[in-house]
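The residues making up each chain are set out below.
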Amino acid sequence: MPNDNHGSQNGDSSLNVGVGDFRGANVSINQSDRPTFTPEQMDIQRHPAFGGLGVRSERVSVFGYITGIASLIGLYVSLFQPVTGWQSSWASLFMFSFIIGLMAVVFSALLRRRRFDHFFGSRHYLEMGVNGRLYVNRFTATCPWCGSRMHLRHVGPKEGPRDDLFICERNPRQHTITLDPTVLPEID
Ligand SMILES: [Zn+2]
């Protein structure tokens, strides 16, 4: 028998615990268990946007703080002016720039920890290099099943968790690979 139980079944009839082993057993943790590929096998390519221009993350935070504080002052001033026609439009403009400033601060703080995040659209990603600069990149790869081109896309339900998937151009339903951003090479 190939799947012999090699464990001990001895006991003194009080409590009998079979200490079996799992040699030859097929343990399936996940039904959708998929093979994993290395970046080399997939030939992952980074495509820099904005000509590979990087922005120092500290500058993004400073920009965020200054924009945020300036908008709060602007909002305060515009709300305590005598009511005129331009008041509400200025107030909404300052609200808008306050949100931009807040996003800049949150984004740069988040990226310092994660180094990789979805940025805008479905194909642009924000990455932090070893030098602390932020870059916007797109990613492509070669499908390990059929050799077609794959694009990294941020997909999922509108509200809810979204995944970063490499999706094959030829078979976009079945040829998908979830990206683990920690396997990507560092940006020098
Ligand atoms: Zn494919």
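Just above sits the structure.
These numbers come from a predicted model, not from an experiment. (Residues numbered from 1 in each chain as written. Predicted model: local features only at pLDDT ≥ 70, side-chain atom pairs only at ≥ 80, totals over all residues. Heavy atoms only, no water.)

Draft legend 1. Up close: the overall build of the protein. Each helix and strand in the protein was counted, giving 3 helices and 8 strands. Its helices and strands taken in sequence order, the protein reads α-β-β-α-α-β-β-β-β-β-β from the N to the C terminus. In the protein, the proportion of contacts linking residues at least 24 apart, taken out of those at least 6 apart, comes to 49%. A total accessible area of about 13,100 Å² is found for the protein, and carbon and sulfur atoms account for 58% of it. (Helix = DSSP H or I, 4+ residues; strand = E, 2+ residues; numbered from the N terminus. Contact = heavy atoms within 4.5 Å. Areas by Shrake-Rupley, 256 points an atom, 1.4 Å probe, with all protein chains shown as cover.)

Draft legend 2. Molecular detail of the coordination of the zinc ion. Every protein donor of the zinc ion is accounted for by Cys143 (SG), Cys146 (SG), Cys168 (SG) and His175 (ND1), and the metal-donor separations fall at 2.1 to 2.3 Å. Bound by 4 donor atoms, the zinc ion shows angles of 100 to 119 degrees at the metal and therefore tetrahedral coordination geometry. Read in sequence order, the donor residues coordinating the zinc ion give the pattern C-x2-C-x21-C-x6-H. The residues Cys168 and His175 share a single accessibility class, namely buried. (Donors = N, O, S within 2.8 Å, 3.2 Å for Na, K, Ca; no water. Tetrahedral: all angles 85-135°; square planar, octahedral: opposite > 155°, others 65-115°. Buried < 20%, exposed > 50% of the residue type's maximum accessible area, 1.4 Å probe, protein only.)

Draft legend 3. Representation of the pattern of salt bridges within the structure. Across all of its chains, the model carries 4 salt bridges by this definition. Between Arg56 and Glu58 there is a salt bridge, and its shortest N-O distance comes to 3.2 Å. Owing to a relative accessible area of 30%, Arg56 belongs among the partly exposed residues under this scheme. With its nearest N and O atoms 3.5 Å apart, the salt bridge here joins Glu186 to Arg115. With a gap of 71 residues between them, Glu186 in the segment after β8 (176-178) and Arg115 in the loop between α3 (87-114) and β3 (116-118) connect regions that are remote in the sequence. (Salt bridge = Lys/Arg side-chain N within 4 Å of Asp/Glu carboxyl O.)

Draft legend 4. Local environment of the nonpolar core. The biggest cluster of nonpolar side chains holds 14 residues, and the ones touching the most others in it are Ile44, Phe116, Phe139, Met150, Leu152, Phe166 and Leu179. Elements that contribute at least two residues to this core include exactly β5 (133-142), β6 (149-155) and β7 (163-168). (Core = buried A, V, L, I, M, F, W, Y, C linked by side-chain atoms within 4.5 Å.)

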